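# Observations on the three-dimensional arrangement
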Amino acid sequence: MNIALLGHGTIGSGVYELINLNKGKFSGNFTDIENRRSSPVITKVLERDASKDLGDTVGKVVTDPKEILEDDSIGLVVALMGGMDFEYEMIKACLKAKKHVVTANKAVISEYFQELLNLAEENGVVLRYEASVGGGIPIIGSLKEEMKINRVTEIKGILNGTTNFILSKMTEEGADFADTLALAQSIGFAEADPTADVEGYDVSRKLSILSSMAYESIIRDEDVYKRGMTDVRAVDIEMTGSLGYTIKYLGHSILEENDLYTTVEPVLFKEASIMSNVNSEFNIISITGDIIGELQFYGKGAGKDATANAVVGDVLYILNMDADRKPESLRLGRNLNKAGTSIFKGKYYLRANLVKQEDLDRVLAAVETVADRKTVIVNEDKVFVVTSVIAADRFNEMTELLQKEVPEIFYARIYE
Ligand code: NDP
Ligand code: HSE
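Now for a description of the structure that goes with this document. (Residues numbered from 1 in each chain as written. Chains lettered and ligands numbered in written order. Predicted model: local features only at pLDDT ≥ 70, side-chain atom pairs only at ≥ 80, totals over all residues. Heavy atoms only, no water.)

### A short note on the overall build of the protein
Looking only at helices and strands, one finds 13 helices and 18 strands in the protein. Taking 416 residues into account, the globule formula puts the C-alpha radius of gyration at 22 Å, and the protein, at 23 Å, falls close to it. Expressed as a percentage of the 416 residues in the protein, the buried residues total 54%. Looking at the protein alone, contacts between residues at least 24 apart form 71% of all its contacts between residues at least 6 apart. Approximately 18,200 Å² of the protein is accessible, and the part contributed by carbon and sulfur atoms is 47%. (Helix = DSSP H or I, 4+ residues; strand = E, 2+ residues; numbered from the N terminus. Rg over C-alpha atoms; globule rule 2.2 N^0.38 Å. Buried < 20%, exposed > 50% of the residue type's maximum accessible area, 1.4 Å probe, protein only. Contact = heavy atoms within 4.5 Å. Areas by Shrake-Rupley, 256 points an atom, 1.4 Å probe, with all protein chains shown as cover.)

### So, the packing of aromatic side chains
One pair of aromatic rings is described through two measures. These are the centre distance and the angle between the planes. Within the structure shown, the criterion is met by 11 aromatic pairs. Taken together, the ring pairs in this structure connect Tyr348, Phe395 and Tyr411 into an aromatic cluster. Directly above the ring of Tyr317 sits Arg128, whose terminal nitrogen or CZ lies 3.6 Å from the centroid. Against the face of Tyr411 rests Arg227, its NZ or CZ located 3.6 Å from the ring centre. (Phe/Tyr/Trp six-rings, centres within 6.5 Å; stacked < 30°, edge-to-face > 60°. Lys NZ or Arg CZ within 6 Å of the ring centre and 35° of its normal.)

### Side note on the environment of Val125
Of note, Val125 is situated in the loop between α4 (106–122) and β6 (127–128). For the pair Val125 and Val108, spaced 17 residues apart in sequence, the C-alpha to C-alpha distance is 18 Å. In this structure, Val125 is in contact with Leu95, Lys98, Lys99, His100 and Ala120, ignoring residues within four places of it in sequence.

### Concerning the site of ligand 1
Around ligand 1 lies a shell of 23 residues, among which Glu47, Arg48, Gly188, Glu191 and Gly303 are the nearest. At 2.6 Å, a side-chain N or O of Glu47 approaches an oxygen atom of ligand 1. Contact between ligand 1 and Gly188: a nitrogen atom at 2.8 Å from a main-chain N or O atom of the residue. Its free accessible area being 890 Å², ligand 1 has 79% of it covered by the protein chains. When each cavity is represented as a set of grid points, ligand 1 is found to reside in the largest pocket. Each residue belonging to the shell around ligand 1 can be placed in one class, and the counts come to 9 nonpolar, 9 polar and 5 charged. When residues of the shell around ligand 1 are sorted by domain, at least three fall in each of domain 1 (2–128) and domain 2 (139–305). (Near = heavy atom within 4 Å. Polar contact = N/O pair within 3.5 Å; in protein donor to acceptor, adjacent residues only side chain to side chain. 1 Å grid on protein atoms, 1.4 Å probe; cavity = no way out; pocket = protein on both sides within 12 Å on 5 of 7 lines; lining within 4 Å. Sits in = over half its atoms within 2 Å of the grid points. Nonpolar A, V, L, I, M, F, W, Y, C, P; charged D, E, K, R; others polar. Domains from an automatic or database assignment.)

### A word on the side chain of Thr103
Along the chain, Thr103 falls in strand β5 (residues 100–103). The buried category is assigned to Thr103, whose relative accessible area is 1%. A distance of 2.8 Å separates a polar side-chain atom of Thr103 from the backbone oxygen of Ala79. The residues touching Thr103, leaving out its near neighbours within four places in the chain, are Ala79, Glu87, Ile91, Ile109, Arg128, Tyr129, Glu130, Ala131 and Ser132.

### A short note on unusual backbone geometry
Within the chain, Lys98 stands out as a residue other than glycine whose phi angle is a positive 65°. Along the chain, Lys98 turns up in the loop between α3 (85–96) and β5. One non-glycine residue, Glu380, lies in positive phi territory at about 50°. Along the chain, the position of Glu380 falls in the loop between β15 (373–379) and β16 (382–387). Glu380 gets classed as exposed once you look at its relative accessible area, which sits at 75%.

### Section: the packing of helix α1 (residues 10–19) against helix α11 (residues 304–319)
It is the contact of α1 with α11, at a shortest axis distance of 8 Å, that shows an interaxial angle of 60°. Classed by the angle they form, the pair α1 and α11 counts as oblique. Judged by the sense of rotation from one axis to the other, the crossing of α1 with α11 is right-handed. Across the interface between the two elements, Thr10, Ile11, Ser13, Gly14, Val15, Glu17, Leu18 and Ile19 of α1 pack against Lys304, Thr307, Ala308, Asn309, Val311, Val312 and Val315 of α11. The residue makeup of the contact of α1 with α11, split by class, is 8 nonpolar, 5 polar and 2 charged. (Axes fitted to C-alpha atoms, helices over the stretch in contact; angles between N-to-C directions. Parallel < 35°, antiparallel > 145°, perpendicular 65-115°, else oblique. Left-handed = near helix turned anticlockwise from the far one by under 90°.)

Structure follows, in structure tokens:
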């Protein structure tokens, strides 16, 4: 079976190196003594630029998708272009052409999960998406395994490498937000449009995929409450650090009976906690099952080699499948009540910049409508408040109103 690759960018080039350029042990899987199969190779790569150099003469760059869709020697397509519409159309067309598909595209998987799984099943082929969540961390396969025994009730984690890289550099080196985002883009951690990373869409897509699988229901990006992390400033890192906390960007979902609670937001963890010590592009994902309890998975959540490793793991799974394999199907039909954020509670840290004389009174009065003020520090043109414990939805509502009067604020729940 020949392989085609859609997109030879950061991850695509990593996959190409593993399969065609003999980096790693991929080809060794096909040269055992009893079963002398030759190692499958990528024969065609779809790119916009026909002159792209692949580093060998086995693969050919093509710019017309038909060259892949109509090539019967290609049985497996690895979709790594990113974006939404074109990749979705290509994945559909490949499945309809009875080609197995492996992708890392969480935008497409989270939006069209059920449709694509159905299409694969109808056409007797397999869709694999291990790298769509957690980069190199084998979370999709592990979750499937745990679900054979457990009812999963909670998923939480640091699910985005770019934002964790930014927050780590700001915390450890006092680095600037914009400079660090540019660095994450140049290394290849960030999405083509990094708004998805910093405004929470990437995390909410990953949380949607895991939650859909775990809670056996279609949960979409738009079902997830999300708040970006672009309002974090150096002064917040300093102040929360002096209070003994580290700022992290967390995705969290909880299932209680039929009620689903979700949130993606900046959160403060105690400095000594495991979460606070997950740095750079590393991710951590915790799943809780009724039998196993809490399990944590840690590893590189973004980047070329780690993600390519997960993609090629899926490729190997397909290449090693028995011919009489039964299709893997997920149950996604459960009807859940999307119950918002009210289950999440905690003390809050809030920083507001004071522009007008009356801003200090406004901020303190607004906070007092929902919570007690435990700590108030006024420092030149800024006020920092730590509150008593309050439900997330009440605090979020209060800050929405406050922001109309005092535009520059940052706040984060303290995770106890
Ligand atoms: P890149 O932008 O680095 O690579 C995408 C490649 O696809 C580029 O070479 C691009 O060419 C090509 N491409 C895009 N659109 C088309 C098109 N319409 N026709 C032909 N070629 C096209 O992305 P990444 O490798 O970083 O990401 C790929 C996928 O993997 C995404 O879905 C991403 O979310 C996911 N992912 C990425 C991770 C990472 O760490 N980077 C980790 C986990 C998942 P051109 O340059 O001309 O646009
Ligand atoms: N942009 C994503 C991240 C890539 O930074 O986590 C991995 O999914």
